[in-house]
Amino acid sequence: PVTNAQFRRFVEDGGYARAEFWPGPFISEGRELAREEAMARFVDSVGQPGPAGWIMGEPPPGEWEHPVSGVSWHEAAAYAAWAGKQLPTVFHWSRVAFTGASGLIAPEANFAGHRTVPVGQTRSVNRFGVHDLAGNVREWTLNPIDRDGLRFILGGGFGDPSYAFVDAYAQNAMDRSPNNGFRCMRALDEEPNRA
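As the structure is a prediction and not an experimental result, all values here were calculated from the model. (Residues numbered from 1 in each chain as written. Predicted model: local features only at pLDDT ≥ 70, side-chain atom pairs only at ≥ 80, totals over all residues. Heavy atoms only, no water.)

Trainee: I'd love a proper account of the overall build of the chain, names of residues and values included.
Mentor: From N to C terminus, the chain includes 5 helices and 6 strands. Element order for the chain, N to C, with α for helix and β for strand: α-β-β-α-α-α-α-β-β-β-β. At 16 Å, the chain has a C-alpha radius of gyration in line with the 16 Å of a compact globule built from 195 residues. The 195 residues of the chain split such that 49% are buried. When contacts within the chain are restricted to residue pairs at least 6 apart in sequence, those whose partners lie at least 24 apart make up 62%. Of the accessible surface of the chain, which amounts to about 9,700 Å², a share of 52% is contributed by carbon and sulfur atoms. (Helix = DSSP H or I, 4+ residues; strand = E, 2+ residues; numbered from the N terminus. Rg over C-alpha atoms; globule rule 2.2 N^0.38 Å. Buried < 20%, exposed > 50% of the residue type's maximum accessible area, 1.4 Å probe, protein only. Contact = heavy atoms within 4.5 Å. Areas by Shrake-Rupley, 256 points an atom, 1.4 Å probe, with all protein chains shown as cover.)

Now the structure itself:
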């Protein structure tokens, strides 16, 4: 997952002000928001651009290596574009996560807890050596579920039960719950069937 330290570089580079990184439309409660109205919602606890749980444009003390959390799908997608990557599709995420081995992966993950832990601290590792696909933070994916602004978010987070690792569910792309984070990917080859 993308860490607070990595996401901070995006914030420092003016990522919130650079419209070219921000995919629309911004939909909340069935209504499309103007970009300015949407961006006014993507602020930290004192009104600075950044994740919901940050303070004065920075993560909580001692959490630089924790996964960034409290971000909307739009913030995740903007970071991915800034980094020259993309959010994984549901299919990419599921292929790597290998939820068929959930009995081995999920018990080692950060589920049903009170907060995130540093990335890679748990023993929740899959067959490819990828950490934290289960638990710690839910992970936004590229796929919409419908036209009402819902996007898939997978893997479950620190406040979820362990069975969330194998569930596919969606949230409004504007949702900034403390459990919401993401990871990025870069395709090795262009996929002509991506649409």
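Trainee: Describe the pattern of salt bridges, and please don't skip the residues or the numbers.
Mentor: Under the defined criterion, the tally for this structure stands at 11 salt bridges. As a salt-bridge pair, E20 and R18 come within 3.1 Å of each other at their nearest N and O atoms. Residue R18 is classed as partly exposed on the basis of its relative accessible area of 29%. Taking the shortest distance from any N to any O, the salt bridge between E37 and R31 comes out at 2.7 Å. What makes E37 partly exposed here is its relative accessible area of 31%. (Salt bridge = Lys/Arg side-chain N within 4 Å of Asp/Glu carboxyl O.)

Trainee: Summarise the layout of surface pockets; cite the residues concerned and give the values.
Mentor: Where empty space is left can be seen by rolling a probe of water-molecule size over the atoms. Computed from the structure, the second largest pocket encloses a volume of approximately 210 Å³. Along the walls of the second largest pocket sit 14 residues, with G53, P60, E63, S69 and P178 positioned nearest its centre. Its residues assigned to classes, the lining of the second largest pocket shows 6 nonpolar, 6 polar and 2 charged. (1 Å grid on protein atoms, 1.4 Å probe; cavity = no way out; pocket = protein on both sides within 12 Å on 5 of 7 lines; lining within 4 Å. Points joined across faces, edges and corners; volume = space filled by probe spheres on them. Nonpolar A, V, L, I, M, F, W, Y, C, P; charged D, E, K, R; others polar.)

Trainee: Requested: an account of the side chain of D160, with residues and values cited.
Mentor: Tracing the backbone shows D160 in the loop between strand 4 (150-154) and strand 5 (168-172). Not counting residues up to four positions away in its chain, the partners in contact with D160 are F111, A112, R138, Y169 and N179.

Trainee: Can you explain helix 3 (residues 73-82)? Please cite residues and give values.
Mentor: Among the 10 residues of helix 3, 8 are classified as buried, and the element is accordingly described as predominantly covered. Within the sequence span of helix 3, burial applies to W73, H74, E75, A76, A77, A78, Y79 and A80. Count one or two residues on from helix 3 and you reach G84, which has phi positive near 75°.

Trainee: Describe the sheet that holds strand 6 (residues 180-181), and please don't skip the residues or the numbers.
Mentor: Read across the open sheet, the 4 strands follow the order 5-4-3-6; overall the sheet is mixed. Bordering the open sheet on either side are strand 5 and strand 6, each of which pairs with just one other strand. Examined bridge by bridge, strand 4 and strand 5 share 5 bridges and lie antiparallel to one another. Within the sheet, the bridge partner assigned to R151 lies in strand 5 and is Q171. Sitting on the sheet, helix 4 (residues 90-97) is in contact with strand 3 (138-144) and strand 4, with an inclination near 140° to strand 3. (Pairing = 2+ DSSP bridges. Axes fitted to C-alpha atoms, helices over the stretch in contact; angles between N-to-C directions.)

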